[in-house]
Amino acid sequence: MDPLTLIMLAVLAVLIIFMVRNSRKRKRETEELVEKIVEGAYVMTNFGVYGTILNIDVENNQVLLETTPGTVLKVHRQTVTRVVPIEGASEPESDNEIDESIEPAYGERVTEVNSAADAHTVDTHAETGTVLNGVPVDENGKPRTDSKSAE
């Protein structure tokens, strides 16, 4: 046998090994998902809808999914792609804590009040429209020139 044939057979053997390994991994993940899909589990479907399982109909492969209180969807059982852990969900940071090390992106509006004078400026112009860096702006983002903003 020439070396090219041996190399091609080796590559073919490696491909077959990886295919078998991946199929076993997918089968194991599917079995774990089936075990986790029970009534009362908080799940996500493959089209991005989150909800709680109310009922599982094994014969017809259907799941009753409650997305919001009073809204129940009937979906195919295979559309449930993952179980979302509720206890492990991270708490959102409070609005009072601002990470100073993060710089705003280009064009991002920053709504941070640095002093009492700035707070007064923001409050007085709140009913007249948007305030950007202490300057009232109209809906197009241009500085206002009307009499209310000149006060």
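Before reading on, note that the structure itself is shown above.
Notes on the structure in this doc start here.

Cut-offs applied
- Residues numbered from 1 in each chain as written.
- Predicted model: local features only at pLDDT ≥ 70, side-chain atom pairs only at ≥ 80, totals over all residues.
- Heavy atoms only, no water.
- Phe/Tyr/Trp six-rings, centres within 6.5 Å; stacked < 30°, edge-to-face > 60°.
- Helix = DSSP H or I, 4+ residues; strand = E, 2+ residues; numbered from the N terminus.
- Expected span 1.5 Å × (residues − 1).
- Polar contact = N/O pair within 3.5 Å; in protein donor to acceptor, adjacent residues only side chain to side chain.
- Contact = heavy atoms within 4.5 Å.
- Pairing = 2+ DSSP bridges.
- Axes fitted to C-alpha atoms, helices over the stretch in contact; angles between N-to-C directions.
- Patch = residues over 30% accessible without salt bridge, like charges linked within 9 Å, V, L, I, M, F, W, Y side chains within 5 Å.
- Areas by Shrake-Rupley, 256 points an atom, 1.4 Å probe, with all protein chains shown as cover.
- Salt bridge = Lys/Arg side-chain N within 4 Å of Asp/Glu carboxyl O.
- Lys, Arg positive; Asp, Glu negative; His and termini not counted.
- Charge placed at Lys NZ, Arg CZ, Asp CG, Glu CD.
- Buried < 20%, exposed > 50% of the residue type's maximum accessible area, 1.4 Å probe, protein only.

1. With respect to the packing of aromatic side chains
Each aromatic ring pair is specified by the distance between its two centres and by the angle formed by the two planes.
(1) Moving on: In this structure the tally under the stated criterion is 1 aromatic pair.
(2) Moving on: An angle of 20 degrees between the planes, with centres 6.0 Å apart, marks the rings of Y42 and Y50 as stacked.

2. Remarks on helix α1 (residues 3–36)
(1) Moving on: Over its 34 residues, α1 runs 50 Å from end to end, which matches the ideal 50 Å to within 8%, given 1.5 Å per residue.
(2) Moving on: Between the side-chain oxygen of the N-cap and the backbone nitrogen of L4 there are 3.2 Å, and the N-cap of α1 in question is D2.

3. Description of the environment of T67
(1) Moving on: Looking at where T67 falls in the secondary structure, it is placed in strand β3 (residues 62–68).
(2) Moving on: Between the C-alpha atom of T67 and that of Y42, which follows or precedes it by 25 residues, the distance is 9.5 Å.
(3) Moving on: In this view, T67 contacts V49, Y50, G51 and L73; residues no more than four positions away in its chain are not counted.

4. With respect to unusual backbone geometry
(1) Moving on: Despite not being glycine, N61 shows a phi value in the positive range, around 55 degrees.
(2) Moving on: Inspection of the secondary structure puts N61 in the loop between β2 (50–57) and β3.

5. Concerning the sheet that holds strand β4 (residues 71–76)
(1) Moving on: With antiparallel pairing, the 5 strands of this open sheet are ordered in space as β4-β3-β2-β1-β5. Two strands in the sheet have a free side with no partner beyond their single neighbour: β4 and β5 (80–83). The average angle at which neighbouring strand axes cross in this sheet is 45 degrees, direction not considered.
(2) Moving on: When β2 meets β3, the two strands line up antiparallel, connected through 5 bridges. Note on β3: the bridge partner recorded for D57 is Q62.

6. Some thoughts on a negative patch on the surface
(1) Moving on: Residues E29, E31, E32 and E35 make up a contiguous surface patch of negative charge.
(2) Moving on: Since its relative accessible area comes to 41%, E29 is described here as partly exposed.

7. Observations regarding the side chain of T79
(1) Moving on: Following the sequence through the fold, T79 ends up in the loop between β4 and β5.
(2) Moving on: Every residue in contact with T79, bar those within four places of it in the chain, is listed here: M44, T45, N46 and F47.

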